[in-house]
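Remarks on the overall topology
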Amino acid sequence: MSFIKDKPLNMTIGIVLAKPPGYTETFFRSKIKGLQEKGLKVNIYCQENKIGFDLCPVYSRPPLSKSPAFQIFHTLFTYIGLVGSLNNVRRFIGLEKKEGTTLSKILKKIYLNSHMLKAEVDWLHFGFATMALERELVAEAIGAKMAVSFRGFDIDVYPLKNSGCYQLLWKKVDKVHAISEYLLNQAIHLGLPKEKPAEIIHPAVNPVMLQNSPRFRSKNEKLKLITVARLHWIKGIDLLIAAAEILREKNIEFEWLIAGAGDKKEEERYRFHVYEKKLEKHVIFLGALPHAQTIQNINDADIYVQTSLSEGFCNAVLEAQALGKICIAFSVGGLPENIVNEKSGFLVDTLSAEELAVKITEVLAFPESILLDYSEYAVRRVKNNFSTDMQNTLFQRFYE
């Protein structure tokens, strides 16, 4: 039996994240502001709120302590705090028992999800599919509808080592949001029923905030390339380094910036490859940067390059197009939905450093008038199809 509330005129949306969005996480900040502007209330449910996020109420998970005495105290205090939500707790226990969950695990889940078991929301929306794991029954227990968003890691990476991880989620979710048609199709391939209500709402940018000033390199200037990516194998940094080596062999003067951080071991490996190939003057690691600084670096570049082996969609590519940058990426994942090949940018069909280097050199040979056509088309397309206003309206409809 489902305990779904009648929707009031002013709905409350509970968004579940690991932590509140920082200033650089424009997608969630924009979504929260947009929903509020549409008259919906928004709460965030997360593990902790260290950044003092204040766009909306934030409810944090109870603490986990290494001290057994402190943990017992926190547990008792948390359970006492659930007295006013006993009906929700009873339903949660019953639902978990039906799934064969042991009593000890149920008690642990009650503690970890206590902030959500007390929630009074109409929708409980998990910002990432992986955030919903082990929490698939919370929404039903509190009488809310359950939504989940798919992003690249959820669909392309996590299931590789966790086969069948979303089976219960597919049964319990009421509606799904995907940032690209590619991710929705991949989720269906992983077992999401085709008849499950779903909406594709792409990421968006506010063109007003991105002041574009198309810049095209003169023939005697050093080429400026930039890639925004965390240092992870799926971002294709090895291909980036290999392509950079080819460009150097062609005697092209260039500087290729990489904005993004990652696992220390991965970063050390990539830095060693750059050192080994004597590319230190060409490939420069910027680390994690504030969003405004990243945008400035993109704006200063000649070409934006995305070397990812797969992408759910990629906000940075969208922002680069909004800035009028010439974008080059591999034709993988949701990137063909992001870039219109040979209109708003260029897609390379083969995951090949050689093909990527060829495409870069081809673009360098284009006259400025042609590059300006691509730039203007990209800016116009982002403005017309990926605005934050459009995204806000689509999310309002999503919950209605």
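All of the points below concern the structure found in this document. Here the structure is a predicted model, which means the values were calculated and not measured.

Take the side chain of Arg381 next. Topologically, Arg381 is positioned in helix α16 (residues 368-385). Comment: no salt bridge for buried Arg381; closest opposite-charge side chain is Glu337, at 8.1 Å. Looking at Arg381, its side chain comes within polar contact range of the main-chain oxygen of Glu337, at 3.1 Å. If sequence neighbours within four positions are ignored, Arg381 has contacts with Gln321, Glu337, Asn338, Ile339, Val340, Ser344 and Phe386.

This brings us to the pairing of strand β12 (residues 326-330). Within β12, five of the five residues are buried, which leaves it mostly tucked inside the rest of the structure. Burial along β12 is two-sided: Ile326, Ile328 and Phe330 facing one way and Cys327 and Ala329 facing the other are all buried. For strand β11 (residues 303-306) and β12, the ladder comprises four bridges, and the chain directions are parallel. When the sheet's bridge partners are listed, Ile303 is paired in β12 with Ile326. Read as a crossover between parallel neighbours, the route from β11 over helix α13 (residues 315-322) to β12 is right-handed. Both β12 and strand β13 (residues 346-348) contribute to a ladder of three bridges, which runs parallel. Each residue of the ladder has a partner; that of Ala329, found in β13, is Leu347.

With that out of the way, let us pick up the sheet that holds strand β3 (residues 58-60). The strand order across the open sheet built from seven strands is β3-β2-β1-β4-β5-β6-β7, with neighbouring strands paired in parallel fashion. Each end of this open sheet is capped by a strand with a single partner; those strands are β3 and β7 (198-200). Going across the sheet, the axis of each strand differs from the next one's by a mean of 20°, ignoring polarity. Bridging between strand β1 (residues 12-16) and strand β2 (residues 41-46) involves five bridges; their strand directions are parallel. Across the sheet, residue Gly14 finds its bridge partner in β2, namely Asn43. Set on the sheet, helix α1 (residues 26-37) makes contact with β1, β2, β4 (123-126) and β6 (175-178); between it and β2 the angle comes to about 145°.

Cut-offs used in this document
- Residues numbered from 1 in each chain as written.
- Predicted model: local features only at pLDDT ≥ 70, side-chain atom pairs only at ≥ 80, totals over all residues.
- Heavy atoms only, no water.
- Helix = DSSP H or I, 4+ residues; strand = E, 2+ residues; numbered from the N terminus.
- Buried < 20%, exposed > 50% of the residue type's maximum accessible area, 1.4 Å probe, protein only.
- Lys, Arg positive; Asp, Glu negative; His and termini not counted.
- Salt bridge = Lys/Arg side-chain N within 4 Å of Asp/Glu carboxyl O.
- Polar contact = N/O pair within 3.5 Å; in protein donor to acceptor, adjacent residues only side chain to side chain.
- Contact = heavy atoms within 4.5 Å.
- Pairing = 2+ DSSP bridges.
- Right-handed = clockwise from strand over helix to strand, strands pointing away.
- Axes fitted to C-alpha atoms, helices over the stretch in contact; angles between N-to-C directions.

Distances and angles like these do not, on their own, reveal function.
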